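These are the residues of each chain, in order.
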Amino acid sequence: MTGRVAGKVAFITGAARGQGRSHAVRLAEEGADIIAIDICRHIENTTKGSTPEDLAETADMVKALDRRIVTAEVDVRDYDALKAAVDSGAEQLGRLDIVVANAGIGTPGAPLDEMDEPKWQQMIDVNLTGVWKSVKAAVPHIKAGGRGGSVILTSSVGGLKAYPRVGHYVTAKHGVVGLMRTFAVELGQFSIRVNSVHPTHVSTELLLNESTYRTFRPDLENPGPDDMAPICQMFHMLPIPWVDAVDISNAVLFLACDESRYVTGVPLPIDAGSCLK
């Protein structure tokens with residue numbers, strides 16, 4: 001089956017690399033034009049940030065599929081910049097049908113009673129408030145189209161269960177479920193469906209980096225992915241350490257297309273059975 005989102009326009013945040021890039025390419029493969037944004041710079045306390053070159057590479061990949069793409073360097077914490085980017089993209093591409101609020105960060109954690117306030121606030125600002133602002137900026141265009149649409153929010157397995165020492169992340173991702181359900185209730189009358197995806201470990205730079213290796217294997221001097229894999233596999237029922245970005249993108253595509261036309265308010269795990277543990 002091809003053309004599952006043909007003729008539609010999707011707004012994707014965090015699209016310079018990782019899951020966001022994968023979502024942009026997968027939706028473009030199925031016929032969508034793309035509005036792609038990313039901060040394209042390093043954010044304090046996080047791993048290596050994306051770059052303008054990363055976002056340009058995403059654009060080239062979409063164009064190679066003979067689809068149109070509009071890009072902008074935007075911080076999801078900046079509502080005015082988000083709105084300007086969506087307004088411009090919708091004007092250039094003629095409509096908006098799909099929102100994929102994917103942008104997010106991971107930062108080193110601590111027990112909640114020991115966590116410093118700036119680190120907590122940064123996580124909430126990006127991973128929760130940034131999702132709200134992204135949808136807020138985009139929804140007026142979907143309403144104006146009068147055709148309905150689909151909004152997909154990226155949460156996490158950490159939005160459905162708790163883990164120690166990352167309470168700021170767990171709290172933000174649980175909050176995304178609240179956003180999803182409330183938006184689903186409020187936007188249903190406009191035939192706008194709202195769902196969330198909940199990935200387990202994903203084989204992108206957010207997981208596969210030196211900081212994470214050392215977090216998982218502090219007992220080793222120079223740990224790498226092969227050292228981390230057995231521990232990650234313990235999180236899952238299926239015998240794998242992590243999933244790939246395209247596995248999340250396939251779920252996003254399903255929720256974006258008419259195959260899920262009556263699916264709304266659903267938190268969808270792509271988790272290799274992690275929620276069963």
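The structure we're discussing is the one just above.
What you are looking at is a predicted structure, and each value in this text was computed from that prediction instead of being measured.

Attention shifts here to the environment of Q19. Within the fold, Q19 resides in helix α1 (residues 18–29). Judged by its relative accessible area of 15%, Q19 is buried. C-alpha separation for the pair Q19 and E29, spaced 10 residues apart in sequence, amounts to 15 Å. With near-sequence residues (within four places) excluded, Q19 lies in contact with N102, T154, P199, V202, T204, A245, I248 and S249.

Attention shifts here to the sheet that holds strand β3 (residues 69–73). A sheet is described by the order of its strands in space; here seven strands give the open sequence β3-β2-β1-β4-β5-β6-β7, paired in parallel fashion. Sheet topology places β3 and β7 (267–270) at the edges, where each strand pairs with a single neighbour. Across this sheet, the average inter-strand angle for adjacent strands is 15°, counted without regard to direction. Across five bridges, strand β2 (residues 33–38) lies against β3 in parallel orientation. Across the sheet, the residue bridging to I34 is I69, located in β3. Taken strand by strand, helix α5 (residues 167–187) contacts β5 (149–154), β6 (192–199) and β7, and its axis lies near 165° from that of β6.

About the cut-offs
- Residues numbered from 1 in each chain as written.
- Predicted model: local features only at pLDDT ≥ 70, side-chain atom pairs only at ≥ 80, totals over all residues.
- Heavy atoms only, no water.
- Helix = DSSP H or I, 4+ residues; strand = E, 2+ residues; numbered from the N terminus.
- Buried < 20%, exposed > 50% of the residue type's maximum accessible area, 1.4 Å probe, protein only.
- Contact = heavy atoms within 4.5 Å.
- Pairing = 2+ DSSP bridges.
- Axes fitted to C-alpha atoms, helices over the stretch in contact; angles between N-to-C directions.

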